[in-house]
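A closer look at the structure
One letter stands for each residue in the lines below.
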Number of protein chains: 2
Amino acid sequence: MRITMIGSGNVSTHLAAALKNAGHRIIQVFSPNIGHASLLAYHVGAEATDDISTINAETDLFIIAVKDDAIADIAEQLAVHQKLMVHTSGATSLKVLSEVTPKAGVFYPLQTFSKEKELDFRSVPLCIEGTDEAITKHLIELGQTISNNIYRVDSAQRKILHLSAVFACNFPNYLYYVAQNLLVKHELDFNLLRPLIMETAEKVQQQFPAVAQTGPAVRNDVQTMAAHEQLLEGDVFLQNLYRLLSEGVMKMEKN
Amino acid sequence: MRITMIGSGNVSTHLAAALKNAGHRIIQVFSPNIGHASLLAYHVGAEATDDISTINAETDLFIIAVKDDAIADIAEQLAVHQKLMVHTSGATSLKVLSEVTPKAGVFYPLQTFSKEKELDFRSVPLCIEGTDEAITKHLIELGQTISNNIYRVDSAQRKILHLSAVFACNFPNYLYYVAQNLLVKHELDFNLLRPLIMETAEKVQQQFPAVAQTGPAVRNDVQTMAAHEQLLEGDVFLQNLYRLLSEGVMKMEKN
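Conventions used here
Residues numbered from 1 in each chain as written. Chains lettered and ligands numbered in written order. Predicted model: local features only at pLDDT ≥ 70, side-chain atom pairs only at ≥ 80, totals over all residues. Heavy atoms only, no water. Helix = DSSP H or I, 4+ residues; strand = E, 2+ residues; numbered from the N terminus. Buried < 20%, exposed > 50% of the residue type's maximum accessible area, 1.4 Å probe, protein only. Axes fitted to C-alpha atoms, helices over the stretch in contact; angles between N-to-C directions. Parallel < 35°, antiparallel > 145°, perpendicular 65-115°, else oblique. Left-handed = near helix turned anticlockwise from the far one by under 90°. Contact = heavy atoms within 4.5 Å. Nonpolar A, V, L, I, M, F, W, Y, C, P; charged D, E, K, R; others polar. Right-handed = clockwise from strand over helix to strand, strands pointing away. Pairing = 2+ DSSP bridges. Expected span 1.5 Å × (residues − 1). UniProt positions renumbered as here; feature names shortened; annotations may be inferred. Core = buried A, V, L, I, M, F, W, Y, C linked by side-chain atoms within 4.5 Å. Phe/Tyr/Trp six-rings, centres within 6.5 Å; stacked < 30°, edge-to-face > 60°. Lys NZ or Arg CZ within 6 Å of the ring centre and 35° of its normal. Domains from an automatic or database assignment. Buried area = accessible area lost by both parts, 1.4 Å probe. Salt bridge = Lys/Arg side-chain N within 4 Å of Asp/Glu carboxyl O. Polar contact = N/O pair within 3.5 Å; in protein donor to acceptor, adjacent residues only side chain to side chain.

So, on to unusual backbone geometry. Residue and element names in this part refer to chain B. In this model, Gln 82 sits at a positive phi of 55°, which is unusual for a non-glycine residue. Tracing the backbone through its elements, the reader meets Gln 82 in the loop between helix H3 (71-78) and strand S5 (84-87). Although it is not a glycine, Glu 187 sits at a positive phi angle of roughly 55°. Here Glu 187 lies in the loop between helix H6 (155-185) and helix H7 (194-206). Take Glu 187: its relative accessible area is 72%, and that puts it in the exposed class.

Turning our attention to the packing of helix H6 (residues 155-185) of chain A against H7 of chain B. Interhelical geometry of H6 of chain A versus H7 of chain B gives an angle of 20° and a closest axis separation of 9 Å. Between H6 of chain A and H7 of chain B, the crossing angle belongs to the class labelled roughly parallel. The interaxial crossing formed by H6 of chain A with H7 of chain B has right-handed handedness. Between H6 of chain A and H7 of chain B, the contacting residues are Ala 165, Ala 168, Cys 169, Asn 173 and Tyr 176 of chain A on the first element and Leu 196, Ile 197, Thr 200, Ala 201 and Val 204 of chain B on the second. Among the residues forming the contact of H6 of chain A with H7 of chain B, the class breakdown is eight nonpolar, two polar and no charged.

Residues and elements named next belong to chain B. Summarising burial for strand S1 (residues 2-6): four of the five residues are buried, a large majority. Since S1 and strand S2 (residues 25-30) lie parallel, the crossover through helix H1 (residues 10-21) that links them has a hand, and here it is right-handed. Relative to strand S4 (residues 61-64), S1 runs parallel, the two sharing four bridges. Paired with Ile 6 across the strands is Ile 64, a residue of S4.

Attention now moves to H6 of chain A. All names here are of chain A. Between the first and last C-alpha of H6 there are 44 Å, a value that for 31 residues agrees with the 45 Å anticipated at 1.5 Å per step. Within H6, 26 of the 31 residues are buried, leaving the element largely enclosed by the surrounding structure. A positive phi of about 55° marks Glu 187, the residue just after H6.

Before going further, it helps to examine the UniProt feature "domain: DUF2520" (unreviewed entry) in chain A. UniProt's feature table lists "domain: DUF2520" (unreviewed entry) at residues 124-247 of chain A, given in the numbering used throughout. Across residues 124-247 of chain A, the secondary structure splits into 66% helix and 8% strand, with the terminal C-alpha atoms separated by 33 Å.

Take the nonpolar core next. The biggest cluster of nonpolar side chains holds 120 residues, and the ones touching the most others in it are Phe 167 and Tyr 174 of chain A together with Phe 167 of chain B. Not counting residues up to four positions away in its chain, the partners in contact with Phe 167 of chain B are Leu 175, Val 178, Ala 179, Leu 182, Leu 232, Leu 238, Leu 241 and Tyr 242 of chain A together with Pro 172 of chain B. One finds Leu 15, Ile 63, Phe 107 and Ile 135 of chain B within the second-largest nonpolar core, a separate group that totals 29 residues.

Tallied over the full model, the rule gives twelve aromatic pairs over all chains. Every member of this aromatic cluster is reached through a ring pair, and the members are Phe 167 and Phe 171 of chain A together with Tyr 242 of chain B. If you follow Lys 251 of chain A out to its NZ or CZ, it ends over the ring of Phe 237 of chain B, 3.6 Å from the centre.

Often the size quoted for an interface is simply the accessible area lost on bringing the parts together. All names here are of chain A. Looking at chain A, the domain boundaries give domain 1 (2-153) and domain 2 (159-251). Using C-alpha coordinates to define each centre, domain 1 is positioned 35 Å away from domain 2. Between domain 1 and domain 2, the residue contacts involve seven residues of the former and five residues of the latter. Carbon and sulfur atoms supply 78% of the area that domain 1 and domain 2 bury against each other, a total of about 480 Å² over both sides.

Turning our attention to the interface of chain B and chain A. With 86 residues of chain B at the interface, the matching set in chain A holds 87 residues. Interface of chain B and chain A: buried area, both sides summed, is about 8,700 Å²; carbon and sulfur atoms make up 70% of it. Linking chain B with chain A are zero salt bridges. In this structure, the connection of chain B to chain A is made through 28 residue pairs in polar contact (both at pLDDT 80 or more). When contributions to the side of chain B that touches chain A are tallied by element, the ones reaching two or more residues are strand S7 (125-130), H6, H7, helix H8 (209-212), helix H9 (222-231) and helix H10 (236-251) of chain B.

Shown next, in the form of structure tokens:
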């Protein structure tokens with residue numbers, strides 16, 4: 001397939017690399033920052049442009065991997081070419097594209113990408129939606145060339161998925177940060193916690209989180225919780241956070 | 001070394017196996033539940049007992065791996081033998097032992113253990129403290145036979161460490177549970193999130209959490225945050241939790 005990447009951020013970079021490795025041709029990379037466009041274009045053997053009016057219309061698919069609030073505007077400008085276009089956003093409805101073109105879809109890779117860190121794209125869940133069944137099937141076939149985890153997910157479900165990813169990724173990472181800060185303040189090394197963080201994530205690869213839960217709150221160990229809150233004295237924010245999260249754990253339904 | 005295990009829970013089980021594999025002799029396992037004592041004793045080739053008065057005094061070390069609030073009582077009963085004893089608790093001061101015997105220490109493995117899941121003990125951080133320098137050194141040497149990650153951690157630091165482990169392990173696991181519940185309610189598969197959870201933990205093995213942070217809060221994307229809060233409508237608890245965690249992320253110091 002001939003594919004045009006719109007955007008040159010983390011998602012676009014990983015997606016373009018995976019598609020190229022699977023034998024597709026990335027023909028062009030667009031970014032308003034020509035330096036970023038050129039870097040990604042160089043890696044995948046494509047042409048770079050920062051001028052949307054020079055977009056090559058001889059393509060099979062536009063992949064719009066830009067900030068959520070820029071998708072609508074870009075889609076409108078690309079619609080003139082009457083080619084299939086998808087966005088890669090978890091939080092954006094398919095409607096944003098289907099309002100400007102009948103041939104639209106979503107190609108949402110559910111993973112946290114950084115440019116510096118490689119990862120195996122075949123294990124990345126790809127959530128797919130199309131404006132009609134033919135397009136959906138076409139996108140599923142494309143998805144299967146780069147990932148073993150293809151899911152049909154409609155726009156309403158995708159919103160929930162995106163929200164749940166905040167709870168499963170962004171917030172845990174913030175809690176790692178809180179833990180690290182506590183260590184730093186007491187001259188302890190973050191390496192002390194790294195194996196624990198890893199094992200906590202590994203446990204729920206097989207089990208469900210309710211089974212894997214440990215710690216004072218799930219044991220209703222009020223003495224330890226009181227001691228922890230006292231250690232956090234002087235930081236009302238962290239005390240509130242500790243209390244609220246412990247309350248959640250105590251209300252968990254063990255299944 | 002001849003070692004006596006007091007307790008037969010997760011920590012005792014993993015520790016006993018690691019010590020046996022390193023060539024030490026587990027001579028006896030005590031548990032008030034003879035079935036549990038026998039099972040662990042069988043695995044490590046030891047004798048089992050549920051009667052503390054039949055404890056074999058011909059040992060070099062008592063490892064007390066029982067619930068925090070049971071440590072003091074057991075230590076008092078073992079003190080008569082005048083042998084070195086350590087506990088394995090993150091939240092308990094060395095004082096609980098040193099009040100009943102001069103030869104005491106702490107041997108705290110900072111990891112979340114489950115009996116069903118094997119793990120490589122050599123990567124488990126072991127936090128060590130002794131009542132004097134000779135005992136500390138002796139325990140460090142013992143620790144080095146089973147782990148590559150030995151740290152000297154005093155009782156005040158260990159309390160902080162234990163608190164930070166709640167933030168780095170127990171609370172993230174609870175957030176996985178919240179995410180899973182959101183998925184289940186909308187007929188989505190938890191497998192969709194498992195690779196994301198894994199990658200989030202993997203990222204901070206090299207980087208610091210502040211660098212790895214992603215999501216709407218760190219971008220100050222108030223529109224997405226408002227949409228997420230609306231999706232949580234009807235669940236005031238989760239709305240509060242979402243708001244508080246997002247507030248924390250927005251206050252993060254990117255370093």
